[in-house]
Amino acid sequence: METLARLVRDPGVSVTRELDEALEALDMEMTRLAGALQIEYLGPGVGMADMNAEHVYRLVVRHHVWDTTTAGWGVRVCDALDNNDLRPMWSLRGVGRLRKRQLLAVLPVFFQGYAAALEAAGVADTPAGRRVLEIARALA
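Read on for a plain summary of the structure. Since we're looking at a predicted model, the values are computed, not measured.

Rules and cut-offs
Residues numbered from 1 in each chain as written. Predicted model: local features only at pLDDT ≥ 70, side-chain atom pairs only at ≥ 80, totals over all residues. Heavy atoms only, no water. Core = buried A, V, L, I, M, F, W, Y, C linked by side-chain atoms within 4.5 Å. Buried < 20%, exposed > 50% of the residue type's maximum accessible area, 1.4 Å probe, protein only. Helix = DSSP H or I, 4+ residues; strand = E, 2+ residues; numbered from the N terminus. Contact = heavy atoms within 4.5 Å. Salt bridge = Lys/Arg side-chain N within 4 Å of Asp/Glu carboxyl O. Pairing = 2+ DSSP bridges. Axes fitted to C-alpha atoms, helices over the stretch in contact; angles between N-to-C directions.

Some words on the nonpolar core
If you look at the biggest cluster of nonpolar residues, it comprises 44 residues, and the most contacted ones within it are Leu 59, Val 61, Leu 107, Phe 111 and Tyr 114. Taken together, the elements giving at least two residues each to this core come down to α1 (2-8), α2 (17-37), β2 (57-65), β3 (71-79), α3 (97-121) and α4 (127-139). A total of 10 residues in this core trace back to one element, the largest contributor, which is α3. For Val 61, the residues in contact, after removing those within four places along its chain, are Met 30, Ala 34, Ile 39, Glu 40, Tyr 41, Trp 73, Gly 74, Val 75, Phe 110 and Tyr 114.

As structure tokens, then:
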């Protein structure tokens, strides 16, 4: 988490193996935490800022169905257009180079919002909820 917190604060961050590894670790941890909490959350937009279309892809916590054999709780970048039912498109590590920078920029907002959703659902004081609050503080 220290690596990711440092990278979030660097607006000129390069997309490197270090970033990929930090995003993969976050993805794995969020899969575990989201599975324990089972609270859906529709987070901020990721990408397409140059077209004023950040709403098209959003960070989403929920039970995602990738295909007929792969499903589970976690956070994914999803197609958020009305006709796509929040279809998962990419894991955190799986987004493209430009979108990774945009993903880093919204992670603090995402975790603040997710922490608020957990508090509203009354699960922020569980072990998984406390860990999400820790992550939110680390990235703030």
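Quick word on the pattern of salt bridges
With the rule as written, the count across this model stands at 11 salt bridges. With a shortest N-O distance of 4.0 Å, Asp 20 and Arg 93 are connected by a salt bridge. Here Asp 20, found in helix α2, pairs with Arg 93, found in the loop between β4 (87-90) and α3; they are 73 residues apart in sequence, far enough to count as distant. Judged by relative accessible area, Asp 20 falls into the buried class, the value being 14%.

Overview of the pairing of β3
Here β3 lies mainly inside the structure; 7 of its 9 residues are buried. Relative to β3, β2 is paired through 9 bridges, and the arrangement is antiparallel. Opposite Val 61, over in β3, you have Val 75 as the bridge partner. Strand direction decides the pairing type here: β3 and β4, joined by 3 bridges, are antiparallel. Note on β4: the bridge partner recorded for Asp 79 is Arg 87.

Points about the sheet that holds β3
On the basis of which strands lie adjacent, the open sheet formed by 4 strands has the order β1-β2-β3-β4 and antiparallel pairing. Unpaired on one side and paired on the other, β1 (41-45) and β4 mark the two borders of the sheet. On average, each strand axis in the sheet is tilted by 40° relative to the strand beside it, whichever way the strands run. As paired elements, β1 and β2 share 3 bridges and run antiparallel to each other. Among the inter-strand pairings, Tyr 41 is bridged to a residue of β2, identified as Val 61. Relative to the sheet, α2 contacts β2 and β3, its axis offset from that of β3 by approximately 120°. Running at roughly 145° to β1, α3 makes contact with β1, β2, β3 and β4 of the sheet.

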